[in-house]
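Per-entry structural report
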Amino acid sequence: MIKIPDNQVAGHQAGDGKLGPLVDGLGRFYKPLQSDERGTNEVAFYSSLSSNTRIPGHICRFFPVFHGTQLLEASDGSGLLPHLVLQDLVSSRLNPSIMDIKIGARTWPAQASEDYIAKCLERDRKSTSVSLGFLITGFQMYGSKESGFWKPHKKFFKGFSADDVRLVLRKFVSSNASGDFDVDPDCAFASVVYGGSNGILAQLLDLKAWFEDQTLFHFYSCSVLVIYEKELALDGSSCGAEVKLVDFAHVVEGKGVIDHNFLGGLCSLIKFISEILTTPDKCQTEVRIQDSENNPFSSGNGADG
C-alpha cells in the first residue's frame, strides 16, 4: 500500500495537499520527479551509477539502489506524476534514528540562475553551511517504547552555531537524548555508532578517500544520511550503523576537477565526529546561550517531540 513515509526527517514532505515522497512498505521509496532540469539531472545521475565502471564497488554501497521511474498518483492529488523509484533505506529497521546532513559550503552549481544563487547564498549564510561546510537539516532520535521519537520541526535548526551542532551530534548517540536540553548527553552509544571498523566514522573516511581522488562528479546540495538502531546498540555489539548519500538533483560533471566543496564539508563533519570519540566524557557543550529567544535548544522553540 502506497503511503506517506513515517521516517522522513528533511526535504519536501507529503500531506495536507503537499507534494512529497511515498513508500510502499515493501522496500521502495518513490520520490516525485521535479519537472525541470533538476528531475532530468537526477534520473541521468542514477541511471549512470549502475553502468559507470569508474565508481568502485565499495563506493556504490553508499548510494540508494535505483529501480527506474514510475508514473504514480501524486501525494498532492494532482494526478499521475513520474517518480524516481529508489531503495527505502529504513524499511527493514524497527525504530531507526536518522540524521540528514547537507554537505558543502556552497549548495548551488555554477550554471544555476542568478536568482537561485542569491537565494541559496542568503540561506547558507544564515546557517552553518558557510562556516562549517555542512548543515544538519533534520533528524529523529529514538528514545524508548514509552517516549518514542524526538523529531523537531525544521525551524528548530535555524540559527544553529558550531556548539549547537556539537551538542546534537552528541545527543544523537546518547541514551538520554531528548528535547530537554537541561540534561547533558551521555554519549553512551558513541563508540558503537560512530566508532569501530564498521561505524559511521569509518564509512565517512571511506567516502573521504574516494572524494580525494574522484573527478567524475561535483555533488551540490547533496546530503549524507546517518542511520542506526538504538535497540541494537544496547547490546554493544552492532547497531546497523549506515551512511548513505541522497539528493542528486544538482550533481554536475566534475570535468577532471576534485570536488573540493563536498570534500571540505565531509572533512569538517569527520572532525566533529572524531572529537566526540576522542573526548567521550565531554558531552556538555562549552557554550550556553543565555538569550532564550535566540537559543534553538530553549523550550518552546516549536519542536515536535
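Each value, and the rule that gives it
Residues numbered from 1 in each chain as written. Predicted model: local features only at pLDDT ≥ 70, side-chain atom pairs only at ≥ 80, totals over all residues. Heavy atoms only, no water. UniProt positions renumbered as here; feature names shortened; annotations may be inferred. Helix = DSSP H or I, 4+ residues; strand = E, 2+ residues; numbered from the N terminus. Buried < 20%, exposed > 50% of the residue type's maximum accessible area, 1.4 Å probe, protein only. Areas by Shrake-Rupley, 256 points an atom, 1.4 Å probe, with all protein chains shown as cover. Patch = residues over 30% accessible without salt bridge, like charges linked within 9 Å, V, L, I, M, F, W, Y side chains within 5 Å. Salt bridge = Lys/Arg side-chain N within 4 Å of Asp/Glu carboxyl O. Lys, Arg positive; Asp, Glu negative; His and termini not counted. Charge placed at Lys NZ, Arg CZ, Asp CG, Glu CD. Contact = heavy atoms within 4.5 Å.

In the annotation of an unreviewed UniProt entry, the entry for the protein chain reads Inositol polyphosphate multikinase, and the organism field reads Rhododendron griersonianum. As recorded by UniProt, the Function (unreviewed entry) comment attached to the protein chain reads in full: "Inositol phosphate kinase with a broad substrate specificity." The annotation that UniProt attaches to the protein chain under Sequence similarities (unreviewed entry) is "Belongs to the inositol phosphokinase (IPK) family."

**Some details on the overall build of the protein chain**
In terms of helices and strands, the protein chain carries nine helices and eleven strands. Within the span of the protein chain, comprising 305 residues, buried residues form 50% of the whole. In the structure as shown, the protein chain presents an accessible area of about 14600 Å², 51% of it carried by carbon and sulfur atoms.

**Topic: a positive patch on the surface**
A cluster of like positive charges, contributed by K18, K154, K155 and K158, occupies part of the molecular surface. Within the fold, K18 resides in the segment before strand 1 (22–23).

**Here we look at unusual backbone geometry**
Of note in this structure, C187 is not a glycine but carries a positive phi near 55°. The phi dihedral of K255 falls on the positive side, at around 55°, and the residue is not glycine. Within the element layout of this structure, K255 appears in the loop between strand 11 (250–253) and helix 9 (260–278). For K255, a relative accessible area of 72% gives the class exposed.

**Considering the pattern of salt bridges**
Tallied over the full model, the rule gives 13 salt bridges. Between D124 and R123 there is a salt bridge, and its shortest N-O distance comes to 3.2 Å. Of the charged contacts in the structure, one is a salt bridge between E275 and K271, with a shortest N-O distance of 2.7 Å. Of this pair, E275 and K271 both sit in helix 9, four residues apart, roughly one helical turn. Look at E275 and you get partly exposed, because its relative accessible area is 24%. Its relative accessible area of 47% is what places K271 among the partly exposed residues. Connected through shared salt-bridge partners, R93, E229, E242 and K244 make up one network.

**Some details on the environment of G199**
Its location among the elements puts G199 in the loop between helix 6 (190–193) and helix 7 (200–211). On the basis of relative accessible area, G199 is assigned to the buried category, the value being 3%. Taking the C-alpha atoms as reference points, G199 and V243, separated by 44 residues in sequence, lie 9.0 Å from one another. G199 has contacts with V193, Y194 and A241, leaving out every residue within four places of it along the chain.

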